[in-house]
Amino acid sequence: MIDALSGALIDAAIDAVTSGAPPAVHLQGAGKTFANGQQALQALDLSVAPGEFVTLLGPSGCGKSTLLRLVAGLLPPSAGRVWLDGMPVAQARHLAYVFQEPTLMPWARVQANVRLPLDLAGVARAEADARVEQALGLVGLAACAQQLPRELSGGMQMRVSIARALVTRPRLLLMDEPFGALDEITRNRLDAELQALWLTHQAGRAPLTVMFVTHSIHEAVFLSQRVLVMAARPGRVVDELRIDEPFPRSAAWRVSPAFGALASRLQDSLLQASEGEPA
Amino acid sequence: MNARAQRRRAAPWGRPTTGDWLWPLAVAVLLLLVWQALVVGFEVPPYLVPSPLTVAQVLVADAALLFTALLNTLWVTLLAFVAATVLGVLVAFTFVQSRAVERALFPYAVLLQVTPIVAIAPLIIIWVQQPTAALVICATLVALFPIIANTTLGLRSVNPGLLAYFRLQRASRWQLLWRLRVPSALPYFFGGLRISSGLALIGAVVAEFVAGTGGTGTGLAYQILQSGYQLNIPRMFAALFLIAVAGVLLFALMAALTRWALAGWHDSEQRVE
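Residues numbered from 1 in each chain as written. Chains lettered and ligands numbered in written order. Predicted model: local features only at pLDDT ≥ 70, side-chain atom pairs only at ≥ 80, totals over all residues.

**A word on the overall build of chain B**
Phase 1 of the analysis: Within chain B, the secondary structure is distributed over 11 helices and zero strands.
Phase 2 of the analysis: Listing the helices and strands of chain B from first to last along the sequence gives α-α-α-α-α-α-α-α-α-α-α.
Phase 3 of the analysis: Looking at chain B residue by residue over its 273 residues, the buried ones come to 34%.
Phase 4 of the analysis: Expressed as a percentage of contacts within chain B between residues at least 6 apart in sequence, the contacts between residues at least 24 apart total 76%. (Helix = DSSP H or I, 4+ residues; strand = E, 2+ residues; numbered from the N terminus. Buried ≥ 20, exposed ≤ 12 C-beta atoms within 10 Å, placed from the backbone. Contact = placed C-beta atoms within 7 Å.)

**What about the pairing of strand 1 (residues 25-33) of chain A?**
For a regular strand, side-chain orientation follows a simple rule: the groups alternate between the two sheet faces.
All names here are of chain A.
Phase 1 of the analysis: Direction of pairing for strand 1 relative to strand 2 (residues 39-48): antiparallel, over a ladder of six bridges. Bridge pairing in strand 2 places L27 opposite L46.
Phase 2 of the analysis: Where strand 1 hands over to strand 2, the hairpin turn is made up of five residues, of which G37 adopts a positive phi near 90°.
Phase 3 of the analysis: When strand 1 meets strand 4 (residues 79-84), the two strands line up antiparallel, connected through five bridges. The partner of H26 across the bridge, within strand 4, is W83. (Pairing = 2+ DSSP bridges.)

**Overview of the domain arrangement of chain A**
All names here are of chain A.
Phase 1 of the analysis: Domain assignment breaks chain A into domain 1 (25-30 + 37-94 + 171-279) and domain 2 (104-169).
Phase 2 of the analysis: The distance between the C-alpha centroids of domain 1 and domain 2 comes to 25 Å.
Phase 3 of the analysis: With eight residues of domain 1 at the contact, the number on the domain 2 side is five residues.
Phase 4 of the analysis: When the residues that make up the side of domain 1 that touches domain 2 are grouped by side-chain class, the tally is seven nonpolar, one polar and no charged. (Domains from an automatic or database assignment. Nonpolar A, V, L, I, M, F, W, Y, C, P; charged D, E, K, R; others polar.)

**Remarks on the sheet that holds strand 1 of chain A**
Residue and element names in this part refer to chain A.
Phase 1 of the analysis: Ordered by their spatial adjacency, four strands build an open sheet running 2-1-4-5, and the pairing between neighbours is antiparallel. Because the sheet does not close on itself, it has two edges, and the strands there are strand 2 and strand 5 (87-88).
Phase 2 of the analysis: In terms of strand pairing, strand 4 meets strand 5 through two bridges, oriented antiparallel. Within strand 5, the residue paired with L84 across the bridge is M87.
Phase 3 of the analysis: Of the strands in this sheet, strand 1, strand 2 and strand 4 are in contact with helix 2 (residues 64-72), which crosses strand 1 at around 120°. (Axes fitted to C-alpha atoms, helices over the stretch in contact; angles between N-to-C directions.)

**Points about the interface of chain B and chain A**
Phase 1 of the analysis: Across the boundary between the two partners, chain B contributes 18 residues, which contact 16 residues of chain A.
Phase 2 of the analysis: For the side of chain B that touches chain A, the elements supplying multiple residues, two or more each, are helix 1 (3-10), helix 8 (160-168) and helix 9 (173-212) of chain B.
Phase 3 of the analysis: Top contributing element to the side of chain B that touches chain A by residue count: helix 8 of chain B, with five residues.
Phase 4 of the analysis: When grouped by side-chain class, the residues that make up the side of chain B that touches chain A number 10 nonpolar, seven polar and one charged.

**Brief notes about the confidence of the model for chain A**
Phase 1 of the analysis: This prediction gives chain A a mean pLDDT of 85; 91% of its residues lie at or above 70.
Phase 2 of the analysis: Between residues 1-17 of chain A, whose pLDDT stays under 50, and residues either more than four places distant or in other chains, the model counts one contact. (pLDDT = per-residue confidence, 0-100.)

**Notes on the sheet that holds strand 10 (residues 236-242) of chain A**
Residues and elements named next belong to chain A.
Phase 1 of the analysis: Here we have six strands laid out as an open sheet, ordered 6-7-8-3-9-10, and mixed in their pairing. The open sheet is flanked by strand 6 (95-98) and strand 10, the only strands paired with a single partner. Strand-to-strand twist in this sheet, taken as the mean axis angle between neighbours without regard to direction, amounts to 15°.
Phase 2 of the analysis: Relative to strand 8 (residues 209-214), strand 7 (residues 172-176) runs parallel, the two being bridged by five bridges. Across the sheet, the residue bridging to L172 is T209, located in strand 8.

**Re the packing of helix 4 (residues 63-97) of chain B against helix 10 (residues 220-229) of chain B**
Residue and element names in this part refer to chain B.
Phase 1 of the analysis: Remark: helix 4 packs on helix 10, axes separated minimally by 7 Å, with the N-to-C direction vectors making an angle of 135°. The angle between helix 4 and helix 10 places the two elements in the oblique class. Where helix 4 abuts helix 10, its residues L66, A69, L70 and T73 lie against L220, Y222 and Q223. (Parallel < 35°, antiparallel > 145°, perpendicular 65-115°, else oblique.)

Right, here's the structure in full:
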């Protein structure tokens, strides 16, 4: 009884803290103009709530990857500022990045690949191994720990890459077209798995925020709570759409009229943004 | 299909198959037969071209002499190869740490490579009194460059995605070198080893030729020179045969080492079915 009471108190305390919590990602007039004068991303204000799943949707060259790299701190903004959890991006420690390619070390077994960020951070071997096992379990690859990347299919390699991101227990997961190189069937399956992973993290005390880059309208609608539509030359955000469908979203929803309406709404706004542009 | 079977199927590298050595062996046997037939048929005198059988007889008769010479040559080759590997890797690591250092020193590495060893060897043999040391230095100079060039290229040939990942994880310079650059460089490094092992043998033989005339060498090159003076052509062929076999064995050894070290992760070790 005491336990239940103190549990409730802790929950209340956490609610109090998180309601006033800073946004997971906060951009203030952040933009990127490269040294050659090319404007990759117009100055942008953007706020992503903790635990939110936001997708950046747009054609190639619209600056969606640039935006993600600004958030990751891989690129310094040429204007404005980027804050993560209320801190300057340079001090952010709890973010993970998944590239379009699996970018695994070909000489290392799956287990060593997933353990890499922990090894780099100097986590003790025993603890690291336990976390690797857990992360591989999350992506359904526990049986493949001793295999080399080249022995796995493209989809499995991408799962390893996601396990390597999750093993650091990130609060912010940045994904740059992670499934763009996969066939549609595999992509749909991995989308569903990613959604399930994200949902399991929402139950915890540190929800997982995801920023996801894609050029697939269907992927954007299926995964996101919010879709930012981007256009090219110069890269900019032109539209924003909330997707209020509750989670978990089923495969059946993918073919429902409601899904189709959202998809065509996004398609219209993509077409409108690219009007007058050469294809 | 269990994981082990899958691994075996997905990575069919490993030991050379029977066909890999059976066919070359068949060609060798055929050539030897033709050679023997021609020499016997046209009654070529052994001081011009000895028959394979004569060479084999000399190989057995002069075994003590020839194999001692072989061991001496191999010893010089081995020392030079190890020295070239250690030096070459150290130089490559230095080059990779700073472009300025590489730019300043690379021309001298090239200079070393393009200067014919026969031209420098007499000087080295005069300067260095200890005969084996002189030979090793000559052979090292010949074998050094491929290790430097290949290892430097390998250390720079890092997957850009992985490099970005390491940067994102705030990897230190040391971690970047040890966990990313060194493994990435291994295929190039082993390519360098393969070239250098052959060059070390060539360097050892060439150095012996230059030094041998001074009467210091007891290696195979010295035996070839002596056989030439004495018109003992069968022994010359026997010595030549031993050098060739040593070269082939060195190459095979390096190939096996490469296979073992890259253990199926690198594309070069994959066989197309």
